[in-house]
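Below, each chain spelled out in residue letters.
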Amino acid sequence: MKRWSMRLEPIANPTLGRRLMPPATALVATVTIASLLAMTAGANPFSVLGLILKGAFGSKFAILETLNRATPLIFTGLAVAVAFRAKFWNIGAEAQLYAGALVTVVFGTGLLPWPSIAILPVIMILAILAGAFLLLIPALLKTRFGVDEVVTTLLFNFIFLLFISMLLEGPLKDPMGMGWPKSARVLAEVRLPRIVEGLRLHWGFGIAIISAFVIWIIQTRSTLGYEMRAVGLNKEAAAFAGIPVNKVLVKTALLSGGLAALAGFSEVAGLKGSLTLDLSPGFGYTGIIVAMLALLNPLGVVIAALFVAGIFVGADSMSRAADVPTYLADIMLATALLLMVLAIMLTRFRVVRD
Amino acid sequence: MEIIEILFTASFWAAAIRIASPLIFATLGELICERAGVLNLGIEGIMVAGAFAGWMAVYSGTGLWTGVCVAMLVGMAFGLLHSILTVPFGLSQHVVGLGVTLLATSSTYYAYRLALPEVTSPPKIEAFQPFEIPLLSDLPLVGPALFSQTPFTYLAFALAVVVSVVLYRTPLGLAVRAAGENPAAVAAQGLSVSAIRMGAVVVGSGFMAVGGAFLTMSAFDSFFFEMVNGRGWICIALVVFGSWRPGKALLGAVLFAAFDALQIRVQQTGFGADIPYQIFLMMPYVLSIVALVVMSRRAEVPAALMVPFNKGER
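Quick caveat: nothing in here was measured; it's all calculated off a predicted structure.

Caption draft 1: Spotlight on the overall build of chain B. Scanning chain B from N- to C-terminus turns up 14 helices and zero strands. In chain B, the succession of helices and strands from N to C terminus is α-α-α-α-α-α-α-α-α-α-α-α-α-α. Since a compact globule built from 314 residues should have a radius of gyration of about 20 Å, the 20 Å found for chain B is in line with a globular shape. Principal-axis analysis of the C-alpha atoms gives chain B an extent of 65 × 50 × 40 Å. Counting across all 314 residues of chain B, residues that qualify as buried make up 52%. Considering only intrachain contacts with a sequence separation of at least 6, the fraction spanning at least 24 residues in chain B is 79%.

Now the structure itself:
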């Protein structure tokens, strides 16, 4: 009896069909799985999908809600994309997000009594530095001691959230907060203005788009971008070519941590106004999905973030209308992530039986 | 002084062994995967799925051990998904692992909401009860600490012995270790590296799920969201701390659990009352990082860990 086995063979010149079919199939399969799950909840799959689309993009309010939800995801998606490109596995964007938010409330609640034009950029830079510093620790542990950054960044998420919880029940607690673990609100000068007067969309979204372009330019037009890609492709070869691998990894970490921290800055200064423990419903982790769906391309991150935010916002309103648990959105995204990495591989390799 | 006293109470060590049990299962599971050359970051989500599956089975009327088997099967199913994507297709073990954690966690929460739509607090089950081993449980200190636990805890320690024997004393164990050290040599022997690695991930994931089930079926008697709370990530640190050896990993889990039990008790002393409780809750995670840094210098990482094996290329 012959054992079943397979191997992968690279395709020299993939045809257009070869490059489009697997991702398209992955997308269809994701939607099919979500529909089947909706049916187990006793709902009509077509109306569920329709409700998600309508909830995400069906009205001016829905679109603005989706754009607002996409804003932190663009930042965390960029943070992950930058890091993963150099094969630096930053899973700690959640903690870095809170670092940015923390700095925003510490300096934004009266410590710096300056006008908007001065205080906003200063706080933004301080937030970036805080996020960068937080990721510097796992980066140095990796380059100095060879400690795997996946586990350290994951564990830092738990440590830093407990640290925030401690501050919110201690020195940062709002005396007017009726006992809730919540910080005081930031000053009016620290609030990010709206992009268009009367529309509920703040400049955090604008900064996110600008960041995506800046990162795209760094990656495609600068030496650092070239070095980060080289380190990610083959560390040994990069070192042999004279690239200071550890220095590049540390720079990557600083950039990644800073980007994730901007998500926290933008959520506090643009949307929430204060810091609570539920500021982020896992934006840091969702950033990984965003980055992977975008194939780690900074401009793709914007589109992927809109898609992911749309699914979340749409699923929220679908859940209220059709009585299907909102976790359907998370399942859809996890499925899309797994199928998409498989599909991307299948655009470049063919499966051969032997 | 109070801390020294705590160290000599039986209830402290009993708690340490109890806290260690789920970690032992999941750490052994991760260890098997990594010895075969696959990092399984699905561990956190698989523990959540196992915690729910075992508890839900018992809540729907099956026996306790059947519940453990159900949890194991659910874990193996997620392990199969992980191994198909990472072994024959050789996809990034980081990305797939995190994807499996997200998928397992979200589908568990989805299933929970579907199964129990109306409840405000999750129902309780009749969980595993302590079983005092005759004679041994009468020993001072060791008796109540080690031999008055639930059968589920005894299973954890037995499993460590079994995994150790299989890994070091059987041809199967040799094949698993070789798949993680030198897969080309395994293939040269006419064995399938893919089959060995996939088998290891499937079985290892089953153990992770059983570790999760311990939480809902022995440590507590109910299922809560967030109840795994990073234990999976801690187990990954424990594998490193134990230098990929079952015995050392078991020791690491008990040591770690002892610190955890200690911090809970110190919180209640006069000295601990002045310190914010979050500091104590941070300790397990900080400790894991410290352990990683300390052990990193002399870690004997499986040589082919995270290296996909494709027969086509050499």
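Caption draft 2: Region of the structure containing the overall build of chain A. The helix and strand inventory of chain A stands at 13 helices and two strands. For 354 residues, the compact-globule estimate of 2.2 N^0.38 gives 20 Å, and the C-alpha radius of gyration of chain A, at 22 Å, lies within 12% of that figure. With the C-alpha coordinates of chain A rotated into their principal frame, the extents come out at 75 × 60 × 35 Å. Put simply, 77% of the contacts in chain A that link residues at least 6 apart link residues at least 24 apart.

Caption draft 3: Broad picture of the interface of chain B and chain A. With 40 residues of chain B at the interface, the matching set in chain A holds 40 residues. Contributions of two or more residues to the side of chain B that touches chain A are made by helix H5 (93-115), helix H11 (231-241) and helix H14 (277-296) of chain B. Looking at the side of chain B that touches chain A, the element that brings in the most residues is H5 of chain B, giving 13 residues. Here the side of chain B that touches chain A is composed, by residue class, of 24 nonpolar, 14 polar and two charged.

Caption draft 4: Spatial organisation of the pairing of strand E2 (residues 349-353) of chain A. Residues and elements named next belong to chain A. When you tally the buried positions in E2, you get zero out of five residues, a small fraction of the element. Strand direction decides the pairing type here: strand E1 (residues 6-10) and E2, joined by five bridges, are antiparallel. Residue pairing across strands places Arg7 opposite Val352, the latter belonging to E2.

Caption draft 5: Layout of the domain arrangement of chain A. Residues and elements named next belong to chain A. The domain architecture assigned to chain A consists of domain 1 (1-34 + 326-354) and domain 2 (44-217 + 252-304). The C-alpha centroid of domain 2 is placed 31 Å from the C-alpha centroid of domain 1. Counting from both sides, the interface comprises seven residues of domain 1 and, opposite them, five residues of domain 2. At six residues, helix H13 (residues 327-346) tops the list of elements feeding residues into the side of domain 1 that touches domain 2. A breakdown of the residues in the side of domain 1 that touches domain 2 according to their chemical character gives seven nonpolar, no polar and no charged.

Caption draft 6: The arrangement of helix H1 (residues 16-40) of chain A in detail. Residue and element names in this part refer to chain A. An ideal rise of 1.5 Å per residue puts 36 Å on 25 residues; H1 measures up with 37 Å between its terminal C-alpha atoms. The set of residues buried in H1 consists of Ala26, Thr30, Ala34, Leu37 and Ala38. Summarising the contacts, the buried residues of H1 are in contact with helix H2 (45-57) and H13. Gly42, located one to two residues past H1, shows a positive phi value of around 80 degrees.

Caption draft 7: Main features of the environment of Ala241 of chain A. Tracing the sequence through the fold places Ala241 of chain A in the loop between helix H9 (235-240) and helix H10 (245-272). Expressed as a C-alpha distance, the spacing of Ala241 of chain A and Ile63 of chain A, which sit 178 residues apart in the sequence, is 48 Å.

Caption draft 8: Representation of unusual backbone geometry. Residue Leu295 of chain A is not a glycine yet carries a positive backbone phi of 55 degrees. By the secondary structure assignment, Leu295 of chain A is in the loop between helix H11 (283-293) and helix H12 (298-322).

Caption draft 9: Molecular detail of the environment of Asn13 of chain A. Residue and element names in this part refer to chain A. With respect to the helices, strands and loops of the structure, Asn13 is situated in the loop between E1 and H1. Since 5 C-beta atoms lie within 10 Å of it, Asn13 is described here as exposed. Taking the C-alpha atoms as reference, Asn13 lies 8.6 Å from Arg348; in sequence the two are 335 residues apart.

Caption draft 10: A look at the confidence of the model for chain B. For chain B, per-residue confidence averages 90 on the pLDDT scale, and 98% of positions sit at 70 or higher. Two summary scores accompany this predicted model of the complex, namely pTM at 0.93 and ipTM at 0.92.

Caption draft 11: Fine view of the packing of helix H2 (residues 10-35) of chain B against helix H12 (residues 246-267) of chain B. All names here are of chain B. Running from amino to carboxyl end, H2 crosses H12 at an angle of 140 degrees, the nearest separation of the two axes being 7 Å. For the element pair H2 / H12, the angle class is oblique. Between H2 and H12 lies a crossing whose hand is right-handed. On H12, the residues that touch Phe12, Ala15, Ala16, Ile17, Ile19, Ala20, Leu23, Ile24, Thr27, Leu28 and Leu31 of H2 are Pro246, Ala249, Leu250, Ala253, Val254, Phe256, Ala257, Ala258, Asp260, Ala261 and Arg265. When the residues that make up the contact of H2 with H12 are grouped by side-chain class, the tally is 19 nonpolar, one polar and two charged.

Cut-offs and rules
- Residues numbered from 1 in each chain as written.
- Chains lettered and ligands numbered in written order.
- Predicted model: local features only at pLDDT ≥ 70, side-chain atom pairs only at ≥ 80, totals over all residues.
- Helix = DSSP H or I, 4+ residues; strand = E, 2+ residues; numbered from the N terminus.
- Rg over C-alpha atoms; globule rule 2.2 N^0.38 Å.
- Buried ≥ 20, exposed ≤ 12 C-beta atoms within 10 Å, placed from the backbone.
- Contact = placed C-beta atoms within 7 Å.
- Nonpolar A, V, L, I, M, F, W, Y, C, P; charged D, E, K, R; others polar.
- Pairing = 2+ DSSP bridges.
- Domains from an automatic or database assignment.
- Expected span 1.5 Å × (residues − 1).
- pLDDT = per-residue confidence, 0-100.
- Axes fitted to C-alpha atoms, helices over the stretch in contact; angles between N-to-C directions.
- Parallel < 35°, antiparallel > 145°, perpendicular 65-115°, else oblique.
- Left-handed = near helix turned anticlockwise from the far one by under 90°.

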